[in-house]
Amino acid sequence: ADGDLLFNVNSDIRFNPRAAEQPEWQNEDNEEFLPTGETSIDSYPNWLKFHIGINRYELYSRHNPAIEALLQDLVSQKITSVAMKSGGTQLKLIMTFQNYGQALFKPMKQTREQETPPDFFYFSDYERHNAEIAAFHLDRQVKWICIKRKGEILILDFRRVPPVAGRLVNMTKEIRDVTRDKKLWRTFFISPANNICFYGECSYYCSTEHALCGKPDQIEGSLAAFLPDLSLAKRKTWRNPWRRSYHKRKKAEWEVDPDYCEEVKQTPPYDSGTRILDIMDMTVFDFLMGNMDRHHYETFEKFGNETFIIHLDNGRGFGKYSHDELSILVPLNQCCRIRKSTYLRLQLLAKEEYKLSHLMKESLLKDKIAPILYEPHLEAMDRRLRIVLKAVSDCIEKDGYDNVVENDFNTDVNTVTTER
C-alpha cells in the first residue's frame, strides 16, 4: 500500500529535481534523475534505489538487488568531497561520491585484536569501524535460512541497519585533496615515521596524540550509506527508556527499579502496538554485539508509531570479547516479551548446523577489508546467544509461553510473514 512506502515516486513532486530545485540529482552527462515515472528505475543511482525501497517494515526488502550494488558503490565510487560531521563525540566524515550518493566514514581507531581498556566508561569508548560493518551483517543475516513447516517458509532477518561496507581510503587523494573543510584540512600533518596523519575536530580523541595515521597514507574505515535527507523524510528521535545515566556515579532508574518495565508499558508509544517488541529486538541485537551505547533511537515520522526502529550508530559494539555485559539484557529480563519470529531465529542460530558465529564469519568474508572480527568476538556471540535463550526460557517458566512469546505471524496467507 502507498501508505506503507516512505516515498510514492510516481506522484511525489519532491522527487522531481525541476520542481524541488535539486540540481545535485544530476549525473556526469548532466541528465537529471526523475523518479516520477518519466524514466526507468534502472537509470537511478543505487543510493536512490535504496531510498525509494524503504517502507513501514524495513529499510530494504529481502530481494532488493540494489543493496549489493550499493555496497559495491561504497567501496568503488570516486570520492568527490569530504567534510566533518558536526555533533557526536568522535571524528566522523561525510563523503560524497561521483553519483551524488553520500556515506558516513568512520576511520579505524583500534586493531581487530584490541579490547576496550577495562578502565574506560562506555561513553568514552572508541567507535570502531569494524563494529559498524559487523552490525550491518548481523542485522541482515545475508545467508537466507528457511524453516519449512506445512509448506510455509520463514526467512530470518531484521534489515534495520543501513548498508555499510569497509574501504581502504587514500588520505591524501581522497580526503585532504578533495575537502573544502578548512578546519579538517588544517589538521593534516606528516608524522616522524613519515606517515600522513590528521585528527579533525571533535570532543573526544581529536588531537595530535590521537591522530589517525596512514601507512603511509592508506587508512581503513567503514562507509555507511546515508538515509534520505531529513527534508524529504523526517525522522523522529526517541529517548531509549533503558538509556544509561552517562554519569560516572549515578545510576539510571531501570538499574534500581526491578518493576521499571511496568511503568514503561503504561507510557506511549509502549502502551500499544509493537514498539516494546521492537525494543526487545534491539536489546538482543545490542547484547550480541556488547553495545552499551543505545541512548536514543529513530523512526520515520511518516509511519507514526507502527513502524520499525532504525538500528543506527553501532560503533561501540564488539569492544570486549572476554566480557558479557549482562546489563544490556535488562529490558528483556524485566519485560519478558519477545517476538516469536525473533525467538525462532535465535533458537535456529544456536544449532550447530546454523551456528551464528559460522554464518557471521561467512557473511563478513564478503567485505573488502575482511577479516572484520577477531575470532574471539565470533565465539562471544555464540556464548551470548545462549545467555539470551536462557533469559527467554526463564521468562517462559515464570510467566508462561503465551505471555512471553508474541505470535507475530500472519497466518491468513500461505506464506508466513512477520508483522514487523
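- As named in an unreviewed UniProt entry, the chain is FA20C kinase, taken from Centropus bengalensis.
- Within the UniProt record for the chain, the comment given under Subcellular location (unreviewed entry) is "Golgi apparatus".
- According to UniProt, the comment filed for the chain under the heading Sequence similarities (unreviewed entry) is "Belongs to the FAM20 family."

## Here we look at empty space enclosed by the protein
Logical step 1: For the structure shown, the criterion picks out three cavities of 30 Å³ or more.
Logical step 2: By volume, the largest cavity amounts to about 170 Å³.
Logical step 3: Taken together, 15 residues form the lining of the largest cavity, with N240, W242, D286, R294 and I328 sitting closest to its centre.
Logical step 4: For the lining of the largest cavity, the leading source of residues is helix α9 (residues 275-289), giving four residues.
Logical step 5: Taken together, the residues of the lining of the largest cavity break down into seven nonpolar, four polar and four charged.
Logical step 6: What the second largest cavity holds in volume is close to 130 Å³.
Logical step 7: Every residue lining the second largest cavity is counted, twelve residues in all, and those nearest its centre are L138, F158, L288, R345 and L349.
Logical step 8: When contributions to the lining of the second largest cavity are tallied by element, the ones reaching two or more residues are α4 (129-140), α9 and α11 (340-349).
Logical step 9: The greatest single-element share of the lining of the second largest cavity, amounting to four residues, is contributed by α11.
Logical step 10: Residue composition of the lining of the second largest cavity, by class: seven nonpolar, two polar and three charged.
Logical step 11: Formed jointly, the lining of the second largest cavity draws a minimum of three residues from each of two domains, domain 1 (42-225) and domain 2 (235-406).

Procedures and definitions
Residues numbered from 1 in each chain as written. Predicted model: local features only at pLDDT ≥ 70, side-chain atom pairs only at ≥ 80, totals over all residues. Heavy atoms only, no water. UniProt positions renumbered as here; feature names shortened; annotations may be inferred. 1 Å grid on protein atoms, 1.4 Å probe; cavity = no way out; pocket = protein on both sides within 12 Å on 5 of 7 lines; lining within 4 Å. Points joined across faces, edges and corners; volume = space filled by probe spheres on them. Helix = DSSP H or I, 4+ residues; strand = E, 2+ residues; numbered from the N terminus. Nonpolar A, V, L, I, M, F, W, Y, C, P; charged D, E, K, R; others polar. Domains from an automatic or database assignment.

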